[in-house]
Amino acid sequence: MDCVLGLDIGTTSTIGILIALPDRALAKAMRPVALSAPEPGWAEEDPEDWWRNVVDLVPELMGQAGISAAEIKGVGVTGMLPALVILDRDDALLRPSIQQSDGRCGAEVEELAKELDQDAFTRQAGNGINQQLIAPKLRWIERHEPDVFARIGTVFGSYDFVNWKLTGRKAVERNWALEAGFVDLASGNLSEDLIRLGHIAPETVPPKIASHTVLGAVTAEASAATGLAQATPVVGGAACTLPIIALDTFDFVGYTDSMTANTLIRRELLSDQGRAVLAAMPPPESFPGRTAFAREVCARFGFFDAFGNPRESSC
């Protein structure tokens, strides 16, 4: 039996799901995550908690489903964004993550707003100047934790961290990069100028990849830790709020319970009905945003219950 594994690095829990292709959920499990607030308005987590949860969840899921590691043909990881995870130049974690909901960097947001033409920034990056951006968080670290800032070697997100633990390869998935404020919309590429707003060198941010890109494969070390088969492909993943992966290309489509662990399924593995639904969809650019487009896709696939809430389903 060919299966895919979805993992969601959520704010309060890590969720895993196994799906037998093309559309049958076999097992689902969850582990809690400790969200800490050392100061009012702060929100931090230990990224190693996410990894420990993954290590626990994978064998539990395989046990529930009664499958072997060889039957898992791919892994997709989603996560909250844009959480900030930083490593030093030896790839050691420097501090807890700073979550997307963290509100400590108000002064740095004001500083950026005074430095920049806000309309020009929005046109370039597709974001307003706000506390979710990564640049003001980095400036806060520079100002309040200068020893930590001086040792930064890598800046990426929550599911990028887990992907790195699985594959040994670093990348930033494009949804994280967009929400971080690091992507130039005109070119679709990481912008060195936008990254430098965080007072870091551009090379500190790993290359950007698409949601459906195969980032790498499970390493021997990750295999020993999780029980996954060595060389199992791992794709870039996506934001946990997007039920459809690679919306603009339809290269991969996936959905799991409550818009959480988006499991990647190749379009050619979808049923004829699923392909017909996608073919009948208006183009993404005809919608006011990705969320509106995603909800329309979900509605057409029957991913909502009678109350309009997302529910587990398949095409």
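Before going into details, it helps to say that this report is about the structure given with it. (Residues numbered from 1 in each chain as written. Predicted model: local features only at pLDDT ≥ 70, side-chain atom pairs only at ≥ 80, totals over all residues. Heavy atoms only, no water.)

## Let's talk about the overall build of the protein chain
Looking only at helices and strands, the protein chain features 11 helices and 17 strands. Taking all 315 residues of the protein chain together, 53% fall into the buried category. At a minimum sequence separation of 6, the contacts of the protein chain that also span at least 24 residues come to 63%. Accessible area of the protein chain: about 12900 Å², with a carbon and sulfur share of 50%. (Helix = DSSP H or I, 4+ residues; strand = E, 2+ residues; numbered from the N terminus. Buried < 20%, exposed > 50% of the residue type's maximum accessible area, 1.4 Å probe, protein only. Contact = heavy atoms within 4.5 Å. Areas by Shrake-Rupley, 256 points an atom, 1.4 Å probe, with all protein chains shown as cover.)

## So, the pattern of salt bridges
Going through the model one piece at a time under the given rule, you end up with 16 salt bridges. Put simply, R95 and E44 hold a salt bridge, and the shortest N to O gap is 3.0 Å. Of this pair, R95 sits in the loop between β6 (85-88) and β7 (97-98) while E44 sits in strand β4 (residues 44-45), placing them 51 residues apart in sequence. On the accessibility criterion, E44 (5% relative accessible area) is buried. For R139, the salt bridge goes to E111, with nearest N and O atoms at 2.7 Å. Here E111 lies in helix α2 (residues 106-115) and R139 lies in helix α4 (residues 134-144), a separation of 28 residues in the sequence. Classification of R139 as buried rests on a relative accessible area of 3%. Judged by its relative accessible area of 22%, E111 is partly exposed. Each of the salt bridges in this network shares a partner with another, and the network as a whole consists of E44, R95, D102, R104 and E145. (Salt bridge = Lys/Arg side-chain N within 4 Å of Asp/Glu carboxyl O.)

## Let's talk about the nonpolar core
Within the largest apolar cluster, 68 residues are counted, with the highest numbers of intra-cluster contacts made by L5, V75, L138, V155, F161, V162 and W176. Residue contributions to this core peak at seven residues, all from helix α1 (residues 47-65). Those residues in contact with F161 that lie beyond four places of it in its chain are P47, E48, W50, W51, V85, L87, L93 and F156. (Core = buried A, V, L, I, M, F, W, Y, C linked by side-chain atoms within 4.5 Å.)

## Quick look at the pairing of strand β5 (residues 72-79)
Most of β5 sits out of view: seven of its eight residues are buried. Here strand β1 (residues 3-9) runs beside β5; their pairing, made up of seven bridges, is parallel. Looking at the pairing, C3 lines up with I72 of β5. With two bridges joining them, β5 and strand β15 (residues 238-239) adopt parallel strand pairing. Residue pairing in the sheet places T78 in a bridge with A238 of β15. (Pairing = 2+ DSSP bridges.)

## Thoughts on unusual backbone geometry
Of note, the amide linkage connecting L81 to P82 takes the cis form, showing an omega dihedral of 0 degrees. Its location among the elements puts P82 in the loop between β5 and β6. Not every positive phi belongs to a glycine, and D91 is a case in point at roughly 70 degrees. Topologically, D91 is positioned in the loop between β6 and β7. Despite not being glycine, A231 shows a phi value in the positive range, around 80 degrees. Looking at where A231 falls in the secondary structure, it is placed in the loop between α9 (220-226) and β14 (233-235).

## Observations regarding the side chain of S158
Checked against the element boundaries, S158 lands in helix α6 (residues 158-167). Classification of S158 as buried rests on a relative accessible area of 0%. From its side chain, S158 meets the backbone oxygen of M80 in a polar contact 3.0 Å long. Residues within four places of S158 in sequence aside, it is in contact with I9, W50, G79, M80, A83 and V85. (Polar contact = N/O pair within 3.5 Å; in protein donor to acceptor, adjacent residues only side chain to side chain.)

## Structural notes on the environment of L215
With respect to the helices and strands, L215 occurs in strand β13 (residues 214-217). When the C-alpha positions of L215 and V235 are compared, they lie 5.1 Å apart, and in sequence the two are 20 residues distant. Those residues in contact with L215, other than ones at most four positions away along the chain, are N163, T167, R169, A171, I209, V234 and V235.

## Concerning the packing of aromatic side chains
Applying the stated criterion across every chain yields a total of six aromatic pairs. For the ring pair W42 and W140, a centre distance of 5.2 Å and an interplane angle of 85 degrees mean the geometry is edge-to-face. Placement of the pair is W42 in the loop between β3 (24-32) and β4 and W140 in helix α4, with a sequence separation of 98 residues. Both rings, one in W50 and one in F161, keep their centres 6.2 Å apart while their planes meet at 80 degrees; by these two values the pair is edge-to-face. Of this pair, W50 sits in helix α1 while F161 is found in helix α6, placing the two residues 111 residues apart along the sequence. The exposure class of W50 is buried, given its relative accessible area of 0%. Linked through ring pairs, W50, F156, F161 and W164 together constitute an aromatic cluster. (Phe/Tyr/Trp six-rings, centres within 6.5 Å; stacked < 30°, edge-to-face > 60°.)

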